[in-house]
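Each chain is listed here by its residues.
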Amino acid sequence: MNTFGHKLTLTTFGESHGVAIGGVVDGFPAGIKIDVDFIQNELDKRRPGKNKFATARDECDRVEIFSGIFDGISTGTPIGFAIFNQNQKSNDYENLREIFRPAHADFTYFKKYGIRDHRGGGRSSARETAVRVAGGAFAQLLLNEFDISVKSGVFGVGDVMADELNWDLADKSEIFALGSENKMKELIMKIREEHDSIGASVLSVASGLPVGLGEGLYNKLDAALAGALMGINGVKAVEIGEGINASRLKGSQNNDQMDSNGFLSNHAGGVLGGMSSGEQVVIKTHFKPTPSIFKSQKTQNLNSECVDFELRGRHDPCIGIRGSVVTTAMIRLVVADMLLLNSCANIKNLKKIYR
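Treat the numbers as computed from the prediction; the structure is a model and nothing was measured.

Cut-offs and rules
Residues numbered from 1 in each chain as written. Predicted model: local features only at pLDDT ≥ 70, side-chain atom pairs only at ≥ 80, totals over all residues. Heavy atoms only, no water. Buried < 20%, exposed > 50% of the residue type's maximum accessible area, 1.4 Å probe, protein only. Helix = DSSP H or I, 4+ residues; strand = E, 2+ residues; numbered from the N terminus. Arc of directions from axis to C-beta. Contact = heavy atoms within 4.5 Å. Polar contact = N/O pair within 3.5 Å; in protein donor to acceptor, adjacent residues only side chain to side chain. Pairing = 2+ DSSP bridges. Axes fitted to C-alpha atoms, helices over the stretch in contact; angles between N-to-C directions. Lys, Arg positive; Asp, Glu negative; His and termini not counted. Salt bridge = Lys/Arg side-chain N within 4 Å of Asp/Glu carboxyl O. Parallel < 35°, antiparallel > 145°, perpendicular 65-115°, else oblique. Nonpolar A, V, L, I, M, F, W, Y, C, P; charged D, E, K, R; others polar. UniProt positions renumbered as here; feature names shortened; annotations may be inferred.

J.: Talk me through helix α1 (residues 36–46); I want residue IDs and the actual numbers.
T.: Looking only at α1, the buried set comprises Ile39, Gln40, Glu42, Leu43 and Arg46. Each buried residue of α1 sits inside an arc of 155 degrees when the element is viewed along its axis, so together they form one side. Tucked inside the fold, the buried residues of α1 contact β4 (63–65), β7 (79–84), α3 (129–144) and α8 (319–342). Where α1 begins, the capping side chain belongs to Asp35, and its oxygen is found 3.2 Å from the backbone nitrogen of Asp37.

Below, the structure is given as structure tokens:
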């Protein structure tokens, strides 16, 4: 499936080494001012080649919007856009034409489709996430109308954990670090010099959500968020609120008690019964080490023969860094979709519209 969402949908297309990647945002309400500079700024955060902590592939990632906007305002029709690829080096992947890279999607994509696009993984490449970032930026323009915000920062690289949660630092940091920035950078560079890679963990917070976003059973807010985030390349685990730590607590420790002013804690991470509680939605997303490493490895070729190979090309030493920008985008898309779905949750809402 290449379409995400229910009421607000994002359909993406394109491959890593194709002409372009792009998307169509459908279900976006009419009458919203489209801030193209904001959308481009979000793409710039994720853009490759901007510093030594990311891949050297130097793409400008300029978004071109083709439809759904008139005089700077959304028309309610599908918003189509594209980001043209300009810095592919397909020859770097020639030695992979008949080889499966360890820990990549090469093997499963070939077994499923019977076609081997060896140029950077084709459709399975994280290059596609630039489209999600653009789609998430459109979603944020809708969320702005309701004073809902989403932010993310890196709180762990390998075994180096942030010594604080400084969101101002994350906004300015080259690696979006919430704390311990220098130690994280030192580790990433050390790992890079060793021709290896390292994993990372990202903390995200969504604020301003009204109570009741999410469906009670089969489209719960936390389940939708976890599904969206697990769909990002390289994500291996997602936690909501206390997450795995909740399994170590007693009920008396984990319960969020209430007084006349509201909740006294937020162990639930802003979600109760699959619906937003009105508290901040707190999420941790954990990325595996970049599977593209420059060390000799064993793998199979198309004939199922064991071979040794060494990777060439340009790759991130830590995918969680730029991945943090994608987590923000996917949370935005989920929350915006839930916001629209909730508009017809009861008869009072419908009567406000039609009477």
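J.: Any details on the pairing of strand β17 (residues 297–300)? Residues and values, ideally.
T.: Side chains Gln297 and Thr299 project from β17 onto a buried face, and the interleaved Lys298 and Gln300 project onto a face without burial. Here β17 runs beside strand β18 (residues 306–309); their pairing, made up of four bridges, is antiparallel. Counterpart to Thr299 in the pairing with β18 is Val307. Once β17 ends, the chain turns through five residues before running back antiparallel as β18, passing Ser304 with a positive phi of about 65 degrees.

J.: Kindly report on unusual backbone geometry, identifying the contributing residues and their values.
T.: In this structure, Phe176 takes a positive phi of about 60 degrees despite not being glycine. Considering the arrangement of structural elements, one finds Phe176 in the loop between α4 (167–172) and α5 (181–193). Phi is positive for Ser180, close to 50 degrees, though the residue is something other than glycine. Along the chain, Ser180 falls in the loop between α4 and α5. A residue is classified by how much of its surface remains accessible, and Ser180, at 14% relative accessible area, is buried.

J.: Just give me the short version of the sheet that holds strand β2 (residues 9–14), but keep the residues and values in it.
T.: The sheet built from five strands is open, its strands ordered β1-β2-β3-β7-β4 with antiparallel pairing. Looking at which strands have only one partner, the edges of the open sheet turn out to be β1 (3–4) and β4. Taken together, the three bridges between β4 and β7 define a ladder with antiparallel strand orientation. By the bridge assignment for β7, Ile65 is matched with Phe81. The strands touched by α3 within the sheet are β2, β3 (20–26), β4 and β7, with β7 carrying the most contacts at an inclination of about 145 degrees.

J.: Before we move on, can you summarise the pairing of strand β16 (residues 281–287) with the specific residues and values?
T.: Consecutive side chains of a regular strand alternate in pointing toward one face of the sheet and then the other. Burial along β16 is one-sided: the residues Val281, Ile283, Thr285 and Phe287 are buried and none of Val282, Lys284 and His286 is. Summarising the sheet, strand β11 (residues 235–240) and β16 pair through five bridges and their orientation is antiparallel. Paired with Ile240 across the two strands is Ile283, which belongs to β16.

J.: Got a sec to walk through the side chain of Asp256? Specific residues and values, please.
T.: In this fold, Asp256 is placed in the loop between α7 (251–254) and β12 (258–259). Among buried charged residues, Asp256 stands out as having no salt bridge; its nearest opposite-charge side chain is Lys284, 14 Å away. Here the side chain of Asp256 touches Ser265 through a polar contact of 2.7 Å, side chain to side chain. Not counting residues within four places of it along the chain, the set of residues in contact with Asp256 comprises Phe263, Ser265, Asn266, His267 and Ala268.

J.: Let's hear about the packing of α1 against α8: which residues, and what values?
T.: At their nearest, the axes of α1 and α8 sit 7 Å apart, and the two run at 140 degrees to each other. Regarding the angle of α1 to α8, the classification is oblique. On α8, the residues touching Phe38, Glu42, Lys45 and Arg46 of α1 are Arg322, Val325, Val326 and Arg332. When the residues that make up the contact of α1 with α8 are grouped by side-chain class, the tally is three nonpolar, no polar and five charged.

J.: So what's going on with the UniProt feature "binding site: NADP(+)" (unreviewed entry) in the protein? Which residues, and what values?
T.: Listed under "binding site: NADP(+)" (unreviewed entry) in the UniProt record, and renumbered for this structure, are Arg46 and Lys52. With respect to the helices, strands and loops of the structure, Arg46 is situated in helix α1. Setting aside chain neighbours within four positions, we find Arg46 in contact with Asp61, Ala126, Arg127, Thr129, Ala130, Val133, Arg322, Val325 and Val326. The exposed category is assigned to Lys52, whose relative accessible area is 52%. Those residues in contact with Lys52 that sit more than four places away from it in its chain are Met189 and Arg192.

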